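Working through the structure, step by step
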Amino acid sequence: MTRLPLLLLVLFWLLPRTTTKKTQTICVPQKGLNFQDQWEFYRPGDLIIGANLPLTALMFPSLSDFQNDPLMLTNTVSLIPKNFQTFLALMFAVKQVNKDLVLLPNITLGFHIYENNQNERNSYKCDRQDPLLSVIGGLNSKSSRLMASIFSIFKVPQLGVGFEFSQGEKMAYPSFFWINPKGFPEYGGLVQLFLHFEWNWVGLVASDDDSGERFISSLIPMLKEKEICLAFTEIMKLDFHVFPKSTLHHIFNTWSKAEVIIFLGDSSTNTNVQVIIYAYETWRNASFRKVWIFTSNWKLNVMNSQYILQIIKPFHGALHFRDQPGDVSEFNRLLMSLDPLNPQGDFFLPLWWESAFHCKISKLSKIPSKGRKPCTGKENLQNLPSYVFETSMSGESYNIYNAIYAVAHALHALHGSRGQPAMLRLGKKISNFQSWQKVPFARCGVKRCQEGERRRVPKGEQVCCYRCAPCPEGTTSNQTDAARCDPCPEDQYPNEDKDHCIPKKIHFLAYQDPLGYALASLLLFLSMTTLGVLAIFLKHRDTPIVKANNRDLTYILLVSLLLCFLCSFLFIGQPGKLTCLFRQTAFAIFFSLVVSSVLAKTVMVVLAFIVTKPGNKTRKLLGKPLTNSIVLVCPLVQTVLCVTWLVISPPFPNMDFHSLVRETILECNEGSTSIFYAVLAYLGFLALVSFTVAFLARKLPDSFNEAKFITFSMMVFCSVWISFLPTYLSTKGKPMVAVEIFSILASGAGLLACIFSPKCYIILLKSDLNCRQNIRRHKDL
């Protein structure tokens with residue numbers, strides 16, 4: 001205990017003094033990768049619009065010697081020729097806004113285009129002092145999410161182009177806005193394309209980001225609804241361009257499973273796909289011939305135009321969905337007037353011109369480069385392929401053009417709402433402007449309700465002091481501050497964010513389903529078994545055991561069992577008018593014939609013992625005429641019931657939208673349920689009579705008395721159908737259909753096994769028992 005105060009004294013003495021001066025926060029530039037300042041372009045103005053456009057790519061060495069600092073390795077910066085148009089579109093839009101004296105009078109917009117060489121760590125510079133109005137870009141979710149996390153702190157509006165944040169991220173980054181058109185119509189276009197070409201086996205490659213997840217979750221249900229299957233789904237998780245051989249072999253084997261491949265990804269994923277295909281063709285010395293389908297945000301990334309043909313060759317014939325740009329004729333004229341010998345301050349233009357036309361401008365380098373011709377400045381842009389450069393405004397450039405005008409109109413609204421010339425320059429810098437100002441905040445609620453939410457006014461509050469509540473299950477809202485959430489149409493259901501509806505998948509027992517495949521296989525097996533038994537009895541039709549119980553009844557029973565098995569195929573597959581009309585009636589009539597045949601065989605056994613005198617007239621009267629009457633009259637009654645059913649209230653295809661949440665059940669509505677249950681009741685009555693008669697005759701003396709086997713078979717039959725009713729009534733969709741098919745197969749298989757397996761055993765394996773001495777001495781009726 002005596003040492004504790006001394007120890008505390010030493011600790012307090014080691015603490016820093018409380019009177020130390022406050023240190024100044026300074027911006028410390030990052031060490032490491034040495035980027036040239038030439039990859040930035042600045043034009044002054046009263047208000048500055050920042051832009052993060054991927055005009056170049058930083059090419060790292062693929063191998064490391066493990067001797068030097070990786071950040072100090074030699075690397076090169078290469079232009080991406082196709083992306084140069086986005087830079088021109090931004091400059092053009094700012095110039096057009098500054099020329100408009102009505103939109104922003106006495107205010108000049110400037111811009112600062114910053115190129116991060118597609119390396120997110122260089123997206124933020126902490127030593128900027130310009131009055132930043134807004135930021136355009138970046139063009140992928142990864143870099144934009146990093147930018148949004150900082151810009152949202154300073155309330156700097158950021159307009160993203162080429163992707164969309166999730167609903168949760170929209171709330172986390174309130175300063176982020178999305179300028180693209182929605183991609184959901186594009187998914188419908190993909191489905192229509194597959195249906196047009198009758199493609200139902202395709203592959204899917206998507207990037208490992210929010211856009212890829214949204215693409216997969218939205219497209220797959222639409223494909224399944226139209227019975228279009230995915231051969232594979234590949235998520236591109238790598239964002240570098242050097243792949244292990246094991247990874248490449250896995251990708252090669254996976255992508256080879258389909259002839260048509262859909263692709264969605266950002267610029268990094270696009271480059272990865274190009275590298276993978278180039279490696280495939282190099283290693284295997286074969287062309288990777290596939291039909292590629294690219295979504296609207298895809299573009300070919302080529303660092304050097306001289307290699308463009310080699311890189312684009314595998315994509316020859318690809319189909320590309322694109323955003324529809326507007327007609328901006330002045331921009332098209334600007335493109336055609338570009339002059340690399342007179343760039344007017346645009347230092348990107350000569351560099352891009354050299355890369356696009358593979359020439360050299362003498363002003364930039366006094367020493368001519370080997371293998372490159374000198375640039376004349378008269379090269380025709382229209383001679384460049386569209387995958388190198390487009391001479392009309394692309395969809396991506398049009399989105400940037402619209403983003404600049406969106407910022408300008410918001411600034412115009414802010415200027416007009418003040419009612420005073422507070423923003424006039426008058427030769428001075430604007431000092432009272434903050435980038436987070438569209439309109440002053442004057443709302444009772446904390447925030448506006450987003451898509452997927454609705455307004456809710458707490459008890460005792462005024463109507464404007466609402467709160468936001470998520471939409472109830474089954475409803476959506478697709479606008480801000482929605483007063484209510486609307487239910488989806490019957491054939492659709494809300495997505496997870498509850499901001500739009502997704503078509504429900506059509507639900508029915510298909511042959512492609514594991515359950516449908518298993519039942520169909522069992523059907524074929526039982527049908528072939530029945531045909532085999534019938535062939536055995538026809539081949540041995542003159543043997544005593546076949547003749548013992550009326551061969552004609554045996555043949556009728558086997559044929560009717562075969563028809564029962566075959567009619568079960570009407571229950572599998574997509575229900576149609578004809579299948580709904582006939583599947584229950586065919587099953588009822590054929591099974592009535594089966595049970596009537598069994599009843600006739602049982603009655604014949606009983607009569608053989610009751611009427612023992614050979615010349616008895618009663619025997620002749622009650623013999624074949626009675627059994628034939630049973631076989632004809634009993635199914636006829638069932639047929640009359642079924643015809644009445646079809647005339648009064650026939651079954652029809654029906655869509656059940658409510659039993660399952662995300663699926664629409666395509667089923668057969670039975671029409672008149674009372675007649676349906678009357679048909680089942682009549683079938684049960686015939687089975688009960690047959691069981692009763694067989695049970696009473698089971699102990700009659702005979703070396704081969706069929707009554708005992710019929711008794712057992714009818715016990716199986718009745719047990720199956722008694723358990724069928726409650727199970728059938730408690731299920732919906734595929735299980736309900738499967739229960740009826742299984743009941744048909746189980747009851748039919750029970751009859752086939754119990755009645756005919758003993759006879760087949762004697763015929764095939766115990767032929768010595770198949771003689772007259774072992775058969776009852778009475779002749780056939």
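Quantities reported herein were computed from a predicted structural model and do not represent experimental measurements.

Within the protein chain one finds 21 helices and 24 strands. Relative to its full complement of 781 residues, the protein chain shows a buried share of 46%. Within the protein chain, residue pairs in contact and separated by at least 24 positions form 71% of the contacts whose partners lie at least 6 positions apart. Put simply, the protein chain shows about 41700 Å² of open surface, and 60% of that area lies on carbon and sulfur atoms.

Another point: the nonpolar core. Counting 68 residues, the largest nonpolar core has Phe587, Phe591, Met714, Phe717, Ile741, Leu751 and Phe756 as the members making the most contacts within it. Of all the secondary-structure elements, those providing two or more residues to this core are helix H13 (514-539), helix H14 (544-547), helix H15 (551-567), helix H16 (577-610), helix H18 (624-648), helix H19 (673-696), helix H20 (706-729) and helix H21 (734-765). Counting residues per element, this core draws most heavily on H21, at 14 residues. Residue contacts for Met714: discarding those within four places in its chain leaves Val595, Val598, Ala687, Ser690, Phe691 and Leu751.

In total, this model carries five disulfides according to the counting rule given. Here Cys359 engages in a disulfide with Cys375; their sulfurs sit 1.8 Å apart. When the S-S torsion is 95 degrees, as for the bridge of Cys359 with Cys375, the disulfide is right-handed. Residue Cys359 is located in strand E14 (residues 359-360), and its partner Cys375 is located in the loop between strand E15 (373-374) and helix H12 (395-418); the two are separated by 16 residues in the primary sequence. Each member of the pair, Cys359 as well as Cys375, is classed as buried. With its sulfur 2.0 Å from that of its partner, Cys471 forms a disulfide with Cys485. Since a negative S-S torsion denotes a left-handed disulfide, the Cys471-Cys485 link at about -75 degrees is left-handed. One end of the pair, Cys471, is in the loop between strand E17 (467-470) and strand E18 (475-476); the other, Cys485, is in the loop between E18 and strand E19 (486-487), with 14 residues separating them in the sequence. For Cys471, a relative accessible area of 2% corresponds to the buried category.

Spanning 16 residues, helix H2 (residues 84-99) covers 23 Å between terminal C-alpha atoms, matching the ideal 22 Å at 1.5 Å per step. Counting buried positions along H2 yields 13 of 16 residues, so the element is predominantly enclosed.

Once that is clear, we can look at the sheet that holds strand E10 (residues 229-236). In space, the five strands of this open sheet follow the order E10-E9-E11-E12-E13, with parallel pairing throughout. Looking at the sheet topology across the chains shown, the edges are occupied by E10 and strand E13 (319-320). Relative to E13, strand E12 (residues 291-294) runs parallel, the two sharing two bridges. When the sheet's bridge partners are listed, Phe294 is paired in E13 with His320. Those strands touched by helix H6 (residues 210-225) are strand E9 (201-207), E10 and strand E11 (260-264), and its axis lies near 160 degrees from that of E9. Along the sheet, helix H7 (residues 245-255) contacts E9, E10, E11 and E12; its crossing angle with E10, the most-contacted strand, is approximately 155 degrees.

For H13, which comprises 26 residues, the first-to-last C-alpha distance of 37 Å matches the rise-based estimate of 38 Å (1.5 Å per residue) to within 8%. Residues of H13 that are buried: Gly516, Leu519, Ala520, Leu523, Leu526, Ser527, Thr530, Val533, Leu534, Ile536 and Phe537. On its buried face, H13 sits against H14, H15 and H21.

Attention now moves to the packing of aromatic side chains. Given two aromatic rings, one states the distance between the centres and the angle between the planes to describe the pair. Overall, the coordinates contain 33 aromatic pairs when judged by the stated rule. Judged by centre distance (6.4 Å) and plane angle (50 degrees), the rings of Phe194 and Trp199 are tilted. Under the relative-accessibility criterion, Trp199 is labelled partly exposed at 22%. Considering the side-chain rings of Phe537 and Phe756, the 5.6 Å spacing of their centres and the 85 degrees angle between planes classify their relative orientation as edge-to-face. Here Phe756 lies in helix H21 and Phe537 lies in helix H13, a separation of 219 residues in the sequence. Across this residue pair, the class does not change: Phe537 and Phe756 are buried. The rings of Phe587, Phe591, Trp645, Phe676, Tyr677, Phe717, Trp721, Phe724 and Tyr728 are connected pair by pair, giving a single aromatic cluster.

Quick look at the UniProt feature "transmembrane region" (unreviewed entry) in the protein chain now. Sites flagged by UniProt as "transmembrane region" (unreviewed entry) map to residues 515-538, 553-573, 585-610, 630-648, 675-697, 709-729 and 741-764. Structurally, residues 630-648 comprises 100% helix and 0% strand, and the distance from its first C-alpha atom to its last is 27 Å.

With that settled, the discussion passes to the packing of H18 against H19. Look at H18 against H19: their axes get within 10 Å of each other, and the N-to-C directions meet at 175 degrees. Classified by the angle between their axes, H18 and H19 sit roughly antiparallel to one another. Listed contacts from H19 to Cys634, Val637, Gln638, Leu641, Cys642, Thr644 and Trp645 of H18 are Ile675, Phe676, Ala678, Val679, Tyr682, Leu683 and Leu686. Tallied by class, the residues present in the contact of H18 with H19 amount to twelve nonpolar, two polar and no charged.

Note that Ser713 resides in helix H20. Among the polar contacts made by the side chain of Ser713, one reaches the main-chain carbonyl oxygen of Ile710 at a distance of 2.7 Å. What Ser713 contacts, discounting residues up to four positions off in sequence, is Gly750, Leu751, Cys754 and Ile755.

The subject of this paragraph is the sheet that holds strand E24 (residues 663-669). Strands sit in the order E22-E24-E23 across an open sheet of three strands; the sheet is mixed. Each of the sheet's edge strands pairs with one partner strand only, and the pair in question is strand E22 (505-507) and strand E23 (652-656). Taken over all neighbouring pairs, the strand axes of this sheet differ in orientation by 30 degrees on average, direction set aside. Strand direction decides the pairing type here: E23 and E24, joined by five bridges, are antiparallel. Paired with Phe652 across the strands is Asn669, a residue of E24.

Right, let's get into the side chain of Ser560. Here Ser560 is to be found in helix H15. Residue Ser560 is classed as buried on the basis of its relative accessible area of 1%. In this view, Ser560 contacts Phe590, Leu593 and Val594; residues no more than four positions away in its chain are not counted.

Here we come to the confidence of the model for the protein chain. Of all residues in the protein chain, 75% have pLDDT values of 70 or greater, and the mean over the chain is 77. Confidence, expressed as mean pLDDT per element, reaches its minimum in the protein chain at helix H1 (residues 3-14) with 32 and its maximum at H13 with 93. Counting contacts from residues 62-66, a segment whose pLDDT is below 50, to residues more than four positions away or on other chains yields one contact. A low-confidence stretch, residues 777-781 (pLDDT under 50), is modelled with 13 contacts involving residues beyond four sequence positions or located in other chains.

What counts as what
- Residues numbered from 1 in each chain as written.
- Predicted model: local features only at pLDDT ≥ 70, side-chain atom pairs only at ≥ 80, totals over all residues.
- Heavy atoms only, no water.
- Helix = DSSP H or I, 4+ residues; strand = E, 2+ residues; numbered from the N terminus.
- Buried < 20%, exposed > 50% of the residue type's maximum accessible area, 1.4 Å probe, protein only.
- Contact = heavy atoms within 4.5 Å.
- Areas by Shrake-Rupley, 256 points an atom, 1.4 Å probe, with all protein chains shown as cover.
- Core = buried A, V, L, I, M, F, W, Y, C linked by side-chain atoms within 4.5 Å.
- Disulfide = S-S within 2.5 Å.
- Expected span 1.5 Å × (residues − 1).
- Pairing = 2+ DSSP bridges.
- Axes fitted to C-alpha atoms, helices over the stretch in contact; angles between N-to-C directions.
- Phe/Tyr/Trp six-rings, centres within 6.5 Å; stacked < 30°, edge-to-face > 60°.
- UniProt positions renumbered as here; feature names shortened; annotations may be inferred.
- Parallel < 35°, antiparallel > 145°, perpendicular 65-115°, else oblique.
- Nonpolar A, V, L, I, M, F, W, Y, C, P; charged D, E, K, R; others polar.
- Polar contact = N/O pair within 3.5 Å; in protein donor to acceptor, adjacent residues only side chain to side chain.
- pLDDT = per-residue confidence, 0-100.

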